[in-house]
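# An overview of the molecular structure
One-letter residues, chain by chain:
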Amino acid sequence: MRILIVEDETSIANFIRDGLAEEGFAVDIADNGKKGLQLALDNLAEYDVILLDWMLPGLNGIEICRSIRRENEIIPIIFLTAKDTVDDAVFGLEAGANDYIRKPFSFEELLARIRVLMRSHQQVSTEFEAGDILMDVERHIVSKEGKPVDLTQKEFALLEYLLRNKGKVCRRTRIIEKIWDIHFEHDSSVIDVYINALRRKLDTPGTPSLITTVRGVGYKIEEAP
Ligand code: CA
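Residues numbered from 1 in each chain as written. Predicted model: local features only at pLDDT ≥ 70, side-chain atom pairs only at ≥ 80, totals over all residues. Heavy atoms only, no water.

### Looking at the coordination of the calcium ion
Asp8 (OD), Asp53 (OD) and Met55 (O) make up the full set of protein donors to the calcium ion, lying at 2.1 to 2.3 Å. If you list the donors of the calcium ion from N- to C-terminus, the spacing comes out as D-x44-D-x1-M. Highlighted residues: Asp8 in the loop between strand S1 (2–6) and helix H1 (10–22) and Met55 in the loop between strand S3 (47–53) and helix H3 (61–71), separated in sequence by 47 residues. Take Met55: its relative accessible area is 55%, and that puts it in the exposed class. (Donors = N, O, S within 2.8 Å, 3.2 Å for Na, K, Ca; no water. Helix = DSSP H or I, 4+ residues; strand = E, 2+ residues; numbered from the N terminus. Buried < 20%, exposed > 50% of the residue type's maximum accessible area, 1.4 Å probe, protein only.)

This is the structure in structure tokens:
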């Protein structure tokens, strides 16, 4: 899952990025308004949530929010704001934001709001099943035949992406865009490393792999493996 942070205060941006990275999110940061809007518009399909500071050099958060909403009405946007009057909050929501959080905030509070928005945005289950594998995204648990499987954050994110798209081919370029951030060097062989790790942990020796390779294109988990 990928998040864009538009925030000119480096310490706040890094604080959020580090926390989200630990939770397995891919994170892009823009430190001014113009760059933020550009990144947002270039990658609208990739971002699951956009965190938008209010006061920014270049373009302010309200202008960015309005511009994004002209292109896309559903992508979740949360304002990060030091402004603290009710009027300002209403103004932000009227500009098209889904939520706002006042600085200073705790990372846990921000994370909780992000998860709520992602849930309503995706409007899909957070529990998945494929063969003898169960994934509970909310509780961050993967199990095989009822026994927990220990996955790294990236392995978990990759498996979640494949399961959310069960029955469809997940293209390598889309996987990279979705699971790794913009600074990632485009050597997509890293995907194979993670797929192999998932297969080692999830497959039963002597039976077909949970994850099918679609040669030259990507990977998929079959609808009914
Ligand atoms: Ca600012």
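### Describing helix H6 (residues 153–164)
Helix length check: H6 (twelve residues) gives 16 Å between terminal C-alpha atoms against 16 Å at 1.5 Å per residue, within 8%. Counting buried positions along H6 yields nine of twelve residues, so the element is predominantly enclosed. Considered for burial, the residues of H6 that qualify are Glu155, Phe156, Ala157, Leu158, Leu159, Glu160, Tyr161, Leu162 and Leu163. (Expected span 1.5 Å × (residues − 1).)

### Some details on the sheet that holds S1
Reading across the sheet, the five strands line up as S2-S1-S3-S4-S5 and stay open at both edges, with parallel pairing between neighbours. Each end of this open sheet is capped by a strand with a single partner; those strands are strand S2 (26–30) and strand S5 (99–102). Within the sheet, the average angular offset between the axes of one strand and its neighbour, ignoring direction, is 20°. Bridge count for strand S4 (residues 77–81) against S5 is four bridges, and the pairing is parallel. Counterpart to Ile78 in the pairing with S5 is Asp99. Against the sheet, helix H2 (residues 33–42) contacts S1, S2 and S3, and its axis sits at roughly 140° relative to S2. (Pairing = 2+ DSSP bridges. Axes fitted to C-alpha atoms, helices over the stretch in contact; angles between N-to-C directions. Contact = heavy atoms within 4.5 Å.)

Keep in mind these numbers describe shape, not what the thing actually does.
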